[in-house]
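Summary of the model geometry
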Amino acid sequence: ELTVERKVTEGAAAVREEARRLAEEAIGLRVSEKEQVIAGLQRALEDAQRKAAQGSQQSQGEVQELALEAALRAAFPLDTVEPVAKGVLGADCTLRVFNAGSVVFESKRTKNWSEAWVAKVKDDQRAAGADVAVIVTAALPKDVADFALYEGVWVCLPRYAVNLASVLRVALQEVAAARGLPARVLLGST
């Protein structure tokens, strides 16, 4: 009886050990599955946060564009401010100075200056047939403090945009006057 009981106890211990091993494997698989799900959720969360931040940056940039357009309209009511629709290539807006010419504006709301902006706004200027191009941004090239003519493009801080536009507008009117347009037309009078 003792021998049988010992064999039964050994067999039960072996069965318990096998059951424990199988349970540990199953738990290990479930833990691995959960870790994989958690890692996937973390990646999805990071992607969502990145997309939300990008959308936020886009909306901040759009707010600055709209503010620039509104300021130009208020400052120059006889001129036309034409925004460029979303998804359409071109500068953010064009100021058409009454019977004198046009200025394209590219508005950037970022922390760092990009040399690529100059080439892009020059292309936009050519495509629009504009006389002058301006980049409005808080991230100026390293040698520019407030505003300057930089590689053939005017760059300025947002607070100087309307003042710079005013000076450029006068210059366009003077060029038009030199070409023979009457002064009253240049001033927007009828």
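Here is a short report on the structure shown in this document. (Residues numbered from 1 in each chain as written. Predicted model: local features only at pLDDT ≥ 70, side-chain atom pairs only at ≥ 80, totals over all residues. Heavy atoms only, no water.)

Focus on the sheet that holds strand S1 (residues 80-83)
- An order of S1-S2-S3-S4-S6-S5 is seen for the six strands of this open sheet, with the pairing classed as mixed. Both outer strands of the open sheet, S1 and strand S5 (147-150), are each paired with one neighbouring strand and no more. With strand direction ignored, the average angle separating the axes of adjacent strands in the sheet is 25°.
- Direction of pairing for strand S4 (residues 132-137) relative to strand S6 (residues 153-156): parallel, over a ladder of three bridges. The partner of isoleucine 135 across the bridge, within S6, is valine 155.
- Taken strand by strand, helix H2 (residues 116-128) contacts strand S2 (93-97), strand S3 (101-108), S4, S5 and S6, and its axis lies near 140° from that of S4. (Pairing = 2+ DSSP bridges. Helix = DSSP H or I, 4+ residues; strand = E, 2+ residues; numbered from the N terminus. Axes fitted to C-alpha atoms, helices over the stretch in contact; angles between N-to-C directions. Contact = heavy atoms within 4.5 Å.)

Details of the pairing of S3
- The buried fraction of S3 amounts to seven of the eight residues, a majority that puts the element mostly inside the structure.
- Across five bridges, S2 lies against S3 in antiparallel orientation. Directly across from valine 97, in S3, lies its bridge partner glycine 101.
- Examined bridge by bridge, S3 and S4 share six bridges and lie parallel to one another. Bridge pairing in S4 links valine 104 to alanine 133.
- A crossover links S3 with its parallel partner S4, the connecting element being H2, and its sense is right-handed. (Buried < 20%, exposed > 50% of the residue type's maximum accessible area, 1.4 Å probe, protein only. Right-handed = clockwise from strand over helix to strand, strands pointing away.)

As for the side chain of serine 102
- Counting through the fold element by element, serine 102 comes out in strand S3.
- Setting aside residues no more than four positions away along its own chain, serine 102 makes contact with Thr94, Leu95, Arg96, Val97, Gly129, Ala130, Asp131, Val132 and Leu172.

A few points about H2
- Taking 1.5 Å as the rise per residue, H2 with 13 residues should run 18 Å; its terminal C-alpha atoms sit 18 Å apart, in good agreement.
- Residues Trp117, Val118, Val121, Asp124 and Gln125 constitute the buried set of H2. End-on view of H2: buried residues confined to an arc of 130°, all on one side of the axis. In H2, those exposed residues whose orientation departs by more than 90 degrees from the buried face are Ala116, Arg126 and Ala127.
- Among the structural elements, S3, S4, S5 and S6 are those in contact with the buried residues of H2.
- Of the residues one or two after H2, glycine 129 is the one with positive phi, at around 65°. (Expected span 1.5 Å × (residues − 1). Arc of directions from axis to C-beta.)

Considerations on the packing of aromatic side chains
- Tallied over the entire structure, the rule returns three aromatic pairs.
- Between tryptophan 113 and tryptophan 117, the ring centres sit 5.1 Å apart and the planes meet at 75°, which makes this aromatic pair edge-to-face.
- Here tryptophan 113 falls in the buried class, since its relative accessible area comes to 17%.
- Feature note: the residues Trp113, Trp117 and Tyr150 constitute an aromatic cluster, connected by ring pairs. (Phe/Tyr/Trp six-rings, centres within 6.5 Å; stacked < 30°, edge-to-face > 60°.)

Topic: helix H3 (residues 161-178)
- End to end, H3 covers 26 Å across 18 residues, agreeing with the expected 26 Å (1.5 Å per residue, within 8%).
- Inspection of H3 places Ala161, Leu164, Ala165, Leu168, Arg169, Leu172, Gln173 and Ala176 among the buried residues, and these make up the whole buried set.
- Remark: glycine 180 follows H3 within two positions and exhibits a positive phi of approximately 110°.

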